Amino acid sequence: MRFRKVYEVARPDPGFVWTIRERGRDGEDLRLLASAIRVFGPRNYTAIARVTGLPVETVRYKIRRNLLGRGIRVHVHINFGALGLARYWMFLEFSEDWESRAVELLDRLARNDYIVYFGRVIPWGSFFSLLALPPKFEAKYRIFLDKLVDMGVLKSYGMTRMNWIRFFSMRIDCYDFKNATWRFEWDTLSRSDRPVAVSIEEDVQKPRIDKLDLQIAGMLQANSSITMRELARKLGVEYKRLLYHYKEHVLGRGIVKGYIVKWHGDRRWRKPLVRMVGVFNDLSPEEVEEVKEAFQDIPFTRFDAYSAASGVYLAYLVVPAEHLQGMLKYIWKTLPRLKRKMRYGFIDPECSRGYMLPLKPFDERSGWKFSIKANLNLLYEVLNVKTLSV
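Notes on the structure follow. (Residues numbered from 1 in each chain as written. Predicted model: local features only at pLDDT ≥ 70, side-chain atom pairs only at ≥ 80, totals over all residues. Heavy atoms only, no water.)

## Things to note about the environment of Gly218
Line of reasoning, step 1. Residue placement: Gly218 occurs in helix 6 (residues 211-222).
Line of reasoning, step 2. Take Gly218: its relative accessible area is 1%, and that puts it in the buried class.
Line of reasoning, step 3. Separated by 137 residues in sequence, Gly218 and Tyr355 have C-alpha atoms that sit 9.4 Å apart.
Line of reasoning, step 4. Excluding residues within four positions of it along the chain, Gly218 makes contact with Met356 and Leu357. (Helix = DSSP H or I, 4+ residues; strand = E, 2+ residues; numbered from the N terminus. Buried < 20%, exposed > 50% of the residue type's maximum accessible area, 1.4 Å probe, protein only. Contact = heavy atoms within 4.5 Å.)

This is how it looks when you write it as structure tokens:
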């Protein structure tokens, strides 16, 4: 298929290299590709070409240049339940004495235990964190957090197990791929079509995995476009062995559930993004469904989660600053009875980190492990102390 190439040359700031932005004939091909990638992933060019009717080389070029090269990212959805891990969210409030070292402490823990994300919430001051933890260790992890409170490291904490969590692909019906910008009206958003790809976590299963399975899943989580041969080379594993584990274990046992297409913003244009978390408390089952529908419609919702035990709904969003006010007005207009139950804060990008799935806590023979003493020793190393008095 022939398409006309139009080049726009822009110079964002003095001293920057001139950049070339390439457009196809229109954005329809890119919209089709984004839909197909959610099913086949970013590497299966042949299957994508078959369902879109585009030549394979055109598919390869447009995915690499017009999608991945312009702020669209493809993420592998890892089924943590198949790994024997349950999902939790935490809010951690550090004491004044240790607040300046909170990022350092959390980073050390995340590299060695089950934290997969954390970020400071403004203006709350507490840290929002995501935890992927074997349920059998929940009580021990709470004891560990209690010890941090006793030691004066934490002022308080909240740890909540999710009943479910949904990950959303970008709303391609609201995005102008040709001009690389969002194009929709908030007033008509709820009445528009909703081709939203939703992935719901399965129940936690007894894991049937080994270290190589986790390494493959972790590498795919970091780079969904990596080839199997490149993956084998990076892990130092024979190609046939890696391919067997990928097909029979990672795919066959449901560790990889699918693909999520996300918009991250084109960094060349330096448009500001706002990361925020919204929390609704004391919701009835009917109110939960109402909130779920409203946030599923919002194009910038990355994921949402719910805890039936506490009646709390949580949503994480990445919003272009130019759309922030319109989005907040949309929430207030769509949920007039529930707006008093909502509070929201903004993630400080300088105090936030994301991590791959846990690798170090897994032992080939005994499986997942957790030691309160080992975690405390990690903190002692960071703080350069032998102990903290209770």
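Text resumes after the structure shown.
## Notes on the pairing of strand 8 (residues 164-168)
Line of reasoning, step 1. Judged by how many residues are buried, strand 8 sits mostly within the fold: five of five residues are covered.
Line of reasoning, step 2. Burial of strand 8 is two-sided: the residues Trp164, Arg166 and Phe168 facing one way and the residues Ile165 and Phe167 facing the other way are all buried.
Line of reasoning, step 3. Bridge analysis of strand 8 against strand 14 (residues 301-307) gives four bridges, and the strand direction is antiparallel. Bridge pairing in strand 14 places Phe167 opposite Phe303. (Pairing = 2+ DSSP bridges.)

## So, the environment of Tyr114
Line of reasoning, step 1. Its place among the elements puts Tyr114 in the loop between helix 4 (102-110) and strand 5 (115-122).
Line of reasoning, step 2. According to the relative accessible area criterion, Tyr114 is buried, its value standing at 0%.
Line of reasoning, step 3. Expressed as a C-alpha distance, the spacing of Tyr114 and Leu357, which sit 243 residues apart in the sequence, is 7.8 Å.
Line of reasoning, step 4. With near-sequence residues (within four places) excluded, Tyr114 lies in contact with Leu85, Leu130, Leu131, Ala132, Leu133, Pro134, Phe137, Pro358, Pro361, Trp368, Lys369 and Phe370.
Line of reasoning, step 5. A polar contact is formed between the side chain of Tyr114 and the backbone oxygen of Lys369, at a distance of 2.6 Å. (Polar contact = N/O pair within 3.5 Å; in protein donor to acceptor, adjacent residues only side chain to side chain.)

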